Amino acid sequence: MLQKMSDMPILASSLNMGLVILSPDFHVAGMNEYAKKILSPAMEDLGKNILHYHPRKSHEKAKGLLKKVVSLSRGLSVDGAKER
């Protein structure tokens, strides 16, 4: 776990994987340098809903994945039961 939020940019920029940071309402708030490198120019204008950056045919799949992430972050399993 990070000791403080100010450590996050250092951690995010040192990863060899793309990291996209979303707001609670699923708008792209930022990304690390690796993500910029592999996703540019498609992701140059930040602030749009994450679905804006995906083809329409993948929207339902992306929504399903986001729902799973939200459930897990709230301590729920994928089927909605509380995790212990």
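Residues numbered from 1 in each chain as written. Predicted model: local features only at pLDDT ≥ 70, side-chain atom pairs only at ≥ 80, totals over all residues. Heavy atoms only, no water.

Describe the pattern of salt bridges, naming the residues involved and giving the relevant values.
Going through the model one piece at a time under the given rule, you end up with two salt bridges. Salt-bridge contacts for lysine 63 lead to glutamate 60; the nearest nitrogen and oxygen are separated by 3.6 Å. Of this pair, lysine 63 and glutamate 60 are both found in helix H3 (residues 59-73), three residues apart, which corresponds to roughly one turn of the helix. Taking the relative accessible area as the measure of exposure, lysine 63 reaches 35% and is therefore partly exposed. (Salt bridge = Lys/Arg side-chain N within 4 Å of Asp/Glu carboxyl O. Helix = DSSP H or I, 4+ residues; strand = E, 2+ residues; numbered from the N terminus. Buried < 20%, exposed > 50% of the residue type's maximum accessible area, 1.4 Å probe, protein only.)

Quick rundown of the layout of surface pockets? Include the residues and the values.
Reported here for the largest pocket is a volume of approximately 250 Å³. Around the largest pocket, the lining residues are Leu22, Phe26, Ile50, Leu51, His54, Ser58, Lys61, Ala62, Leu65, Leu66, Val69 and Val70. The leading source of residues in the lining of the largest pocket is H3, at six residues. (1 Å grid on protein atoms, 1.4 Å probe; cavity = no way out; pocket = protein on both sides within 12 Å on 5 of 7 lines; lining within 4 Å. Points joined across faces, edges and corners; volume = space filled by probe spheres on them.)

Describe the side chain of histidine 59, and please don't skip the residues or the numbers.
When you line up the elements, histidine 59 lands in helix H3. Residues in contact with histidine 59, not counting those within four places in the same chain, are Leu51 and His54. (Contact = heavy atoms within 4.5 Å.)

Please provide a residue-by-residue account of the environment of valine 70, values included.
Examined against the element boundaries, valine 70 turns out to sit in helix H3. Measuring from C-alpha to C-alpha, the distance between valine 70 and proline 24 comes to 9.3 Å, with 46 residues separating the pair along the chain.

I'd love a proper account of unusual backbone geometry, names of residues and values included.
Phi is positive for phenylalanine 26, which is not a glycine, with a value near 65 degrees. Examined against the element boundaries, phenylalanine 26 turns out to sit in the loop between strand E1 (20-22) and strand E2 (28-31). By relative accessible area, phenylalanine 26 is classed as partly exposed at 25%.

Describe a nonpolar patch on the surface, listing the residues and the values that go with them.
A cluster of nonpolar side chains, Tyr34, Ile38 and Leu39, forms an exposed patch at the surface whose accessible area comes to about 250 Å². Inspection of the secondary structure assignment puts tyrosine 34 in helix H2 (residues 33-39). (Patch = residues over 30% accessible without salt bridge, like charges linked within 9 Å, V, L, I, M, F, W, Y side chains within 5 Å. Areas by Shrake-Rupley, 256 points an atom, 1.4 Å probe, with all protein chains shown as cover.)

Summarise H3; cite the residues concerned and give the values.
Over its 15 residues, H3 extends 21 Å from the first C-alpha to the last, a length consistent with the 21 Å expected when each residue adds 1.5 Å. Every buried residue belonging to H3 is among His59, Ala62, Leu66 and Ser71, and all of these are buried. Looking at the buried side of H3, the elements it contacts are E1. Looking one or two places after H3, you find glycine 75, whose phi comes out positive at around 80 degrees. (Expected span 1.5 Å × (residues − 1).)

The values are spatial; any link to function lies outside them.
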